[in-house]
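# Residue-level structural notes
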Amino acid sequence: MTDIPGEGDLGRAAARGGVWSVAGEVSSRVSQIVVFFALAGVLSPAEFGLAAIAFFCVQIVNSLTYAGLGQAVQVLGPDEQRDRTAVGMGLVFGFAGAGVLALLAGPLCHALGAPGAVPLVRFVGLAVPLGQSAEVLAALLARDLRFRTTATAVIAGAVGSAAAGLTLAATGVGPMALVVQTVLQHAIRLLWLIAARPSGFRPLLVVAKVREILRIGRELLLSSLFETSAANIDNVLVSALSGAAALGAYGFGYNLAALPMYVVGIAVSRVALPVYARMSARPWSIGPAFQQAIEITTWLTALPLGYFAIAGPAALHVLFGNKWSAIDEALRLLALHGWLRATETASTTVLVAVGQAATTRRVQQWQLLLAAALLVPLVSWDGPFGAALAIVVAVTVGTTYSLTQSTRWTGASRPAILARLLEGAAAGVAGGETGLLVLRHVTGLGGLALSLTTAALTWLACLAVLRQPTVRLAIRVLRT
């Protein structure tokens, strides 16, 4: 078993891991953004809607088949047979999901009124076994604090898939470019991880180990199912009640606002879980570590999401004219939704680490039910804006309950957590306001660049004033 480092060593490993993980997630999302924006200028909202349906279908299948295998082996600790069984489960469950998706693509797409999405759905199903196997291998490496390796695998996948996506976009294949990019990104990442740790890719299925993994994994599976359903039920109802064009516009805004959550929230959680697991022998240290994770997550996501909420509609007008103006009001709510989801992700990660995976399942379960109750009347009332309002209400309730439980089980200070949330939100809004002020006086792409720079500088000034201890800590980490 790997020796448990001291708190200082663990803190430095976590800081370096955070930098590498954020770099990996940034590269992944940037590659998607590049292809996304390259296609945004040539595809119609209806064509984006077809791609949105394909991604919705694969997310549902993934949530039904991925039983939190990576998280489970991190919490349970090293065991060769169990680790190999997790890899085997990832492959078996993943290929089963891809097969079912291929068979049901036709009926699903016709039911959603988008038969043109059938080939997209069938092809994107390949991402399920590739992605699940990569997640398990990455979790095993992260458990050993090999964050540089896991991050470089993500970066390699991002660069390679972006090149392929841009090439396909230039040849006019339409929304298929987005789907191919996704599949290639998972494939390249998996191959890189196998090359980094060939001994880890030896699939095995031992019944006793399957049961051990599923004792934790079944709650994570249900949580993932409810989370994915809650994150996509709005897409289904917007498509069903307002049409594919409305779904394309809504999906465009949703994906923009979700990017910071994936870049920061997921990256911080990937580092935090194995670190929390190593702290289980000294649980008194988890509370302060969780508080730091919340601070990092909320502050970093507040910068872009504050800008989206305040200056986002004006910035999109600079880039695309009035093409996406239908989501101007919805974008503000979607930015708030993305910020709350990032906070919730940090909270549910620590709940898994302290053995409260059932609580994370309850959070997602009730969040889904609340969203389902609100979406039909609100989407019928005002399309994408109504959908955004419904999911913001649901995630606000879920995040509040999750934070209540995570502070209870870790002993973290609730007033301190609330203060970090309010400070981060204030800094993000301040950056957005100054960015919007610039856009109102300086037009064109030059004005947009100046607006973004001004927003970032405003956020940095707020950080320097409000979180001086954090700034000093970051400087010490960079020096070491």
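Residues numbered from 1 in each chain as written. Predicted model: local features only at pLDDT ≥ 70, side-chain atom pairs only at ≥ 80, totals over all residues. Heavy atoms only, no water.

Looking now at the nonpolar core. Val 121, Tyr 250, Tyr 276, Phe 290 and Leu 375 are the most contacted members of the largest nonpolar core, which totals 104 residues. Every residue in contact with Tyr 276, bar those within four places of it in the chain, is listed here: Ile 286, Ala 289, Phe 290, Ala 293, Thr 349, Val 350 and Ala 353. (Core = buried A, V, L, I, M, F, W, Y, C linked by side-chain atoms within 4.5 Å. Buried < 20%, exposed > 50% of the residue type's maximum accessible area, 1.4 Å probe, protein only. Contact = heavy atoms within 4.5 Å.)

The subject of this paragraph is helix α14 (residues 414-441). Spanning 28 residues, α14 covers 41 Å between terminal C-alpha atoms, matching the ideal 40 Å at 1.5 Å per step. The backbone nitrogen of Ala 416 lies 3.2 Å from a side-chain oxygen of the residue at the head of α14, namely Ser 413. (Helix = DSSP H or I, 4+ residues; strand = E, 2+ residues; numbered from the N terminus. Expected span 1.5 Å × (residues − 1). Polar contact = N/O pair within 3.5 Å; in protein donor to acceptor, adjacent residues only side chain to side chain.)

Predicted coordinates in areas of low pLDDT are best not read in detail. With 88% of its residues at a pLDDT of at least 70, the protein reaches an overall mean of 82. For the protein, helix α1 (residues 7-40) is the element with the lowest average pLDDT, namely 66, and α14 is the one with the highest, namely 93. Within the model, pLDDT remains below 50 along residues 1-6, and this stretch shows 11 contacts once partners closer than five positions in the same chain are excluded. (pLDDT = per-residue confidence, 0-100.)

All right, on to helix α13 (residues 357-410) then. With 54 residues, α13 should cover 80 Å at 1.5 Å per step; its first-to-last C-alpha distance of 14 Å lies more than 12% under that length. At Asp 382, α13 shows its strongest bend, of approximately 145 degrees, with the proline Pro 384 following within four residues. Where α13 ends, the next residue or the one after it, Gly 411, has phi of about 75 degrees, a positive value. (Bend = angle between axes of the 7 residues up to and from the residue.)

On the surface, Val 26, Val 30, Val 34 and Leu 166 cluster together to form a nonpolar patch covering roughly 270 Å² of accessible area. With 3 residues, α1 is the largest single contributor of residues to the nonpolar patch. Topologically, Val 30 is positioned in helix α1. (Patch = residues over 30% accessible without salt bridge, like charges linked within 9 Å, V, L, I, M, F, W, Y side chains within 5 Å. Areas by Shrake-Rupley, 256 points an atom, 1.4 Å probe, with all protein chains shown as cover. Salt bridge = Lys/Arg side-chain N within 4 Å of Asp/Glu carboxyl O.)

With the rule as written, the count across this model stands at 10 salt bridges. Put simply, Asp 83 and Arg 143 hold a salt bridge, and the shortest N to O gap is 2.8 Å. Taken as a pair, Asp 83 in helix α4 (residues 80-111) and Arg 143 in helix α6 (residues 127-143) lie far apart in primary sequence, 60 residues in all. The same class applies to Asp 83 and to Arg 143, which are both buried. A single salt-bridge network, built from bridges that share partners, covers Asp 79, Arg 82, Lys 209 and Glu 212.

Following the criterion strictly, the structure yields 3 aromatic pairs and no others. On the numbers, 6.1 Å between centres and 40 degrees between planes, the contact of Tyr 250 with Tyr 254 is tilted. Pair noted here: Tyr 250 and Tyr 254 are both in helix α10 (residues 244-278), with a separation of 4 residues, about one helical turn. Like Tyr 250, the residue Tyr 254 is buried in the burial classification. On the basis of an interplanar angle of 65 degrees and a centroid distance of 5.9 Å, the ring pair of Trp 381 and Phe 385 is categorised as edge-to-face. (Phe/Tyr/Trp six-rings, centres within 6.5 Å; stacked < 30°, edge-to-face > 60°.)

All right, on to the environment of Ser 28 then. Relative to the assigned elements, Ser 28 resides in helix α1. It is 6.5 Å that separates the C-alpha atoms of Ser 28 and Val 154, two residues lying 126 residues apart in sequence. With sequence-adjacent residues up to four places away left out, Ser 28 is seen in contact with Val 154, Ala 158 and Gln 185.

Orientation of helix α11 (residues 286-320) relative to helix α15 (residues 444-466), taken along the N-to-C sense of each, is 160 degrees, at an axis distance of 11 Å. Viewed along their axes, α11 and α15 adopt a mutual orientation that is roughly antiparallel. Crossing handedness for the pair α11 and α15: right-handed. Contacts from Trp 299, Leu 300, Leu 303, Tyr 307, Ala 315, Val 318 and Leu 319 in α11 reach Gly 444, Leu 445, Leu 448, Ser 451, Leu 452, Ala 455, Ala 456, Trp 459, Cys 462, Leu 463 and Leu 466 in α15. Of the residues contributing to the contact of α11 with α15, the split by class is 16 nonpolar, 2 polar and no charged. (Axes fitted to C-alpha atoms, helices over the stretch in contact; angles between N-to-C directions. Parallel < 35°, antiparallel > 145°, perpendicular 65-115°, else oblique. Left-handed = near helix turned anticlockwise from the far one by under 90°. Nonpolar A, V, L, I, M, F, W, Y, C, P; charged D, E, K, R; others polar.)

Here Ala 96 is to be found in helix α4. Sequence-wise, Ala 96 and Val 61 are 35 residues apart; in three dimensions their C-alpha atoms are separated by 9.5 Å.

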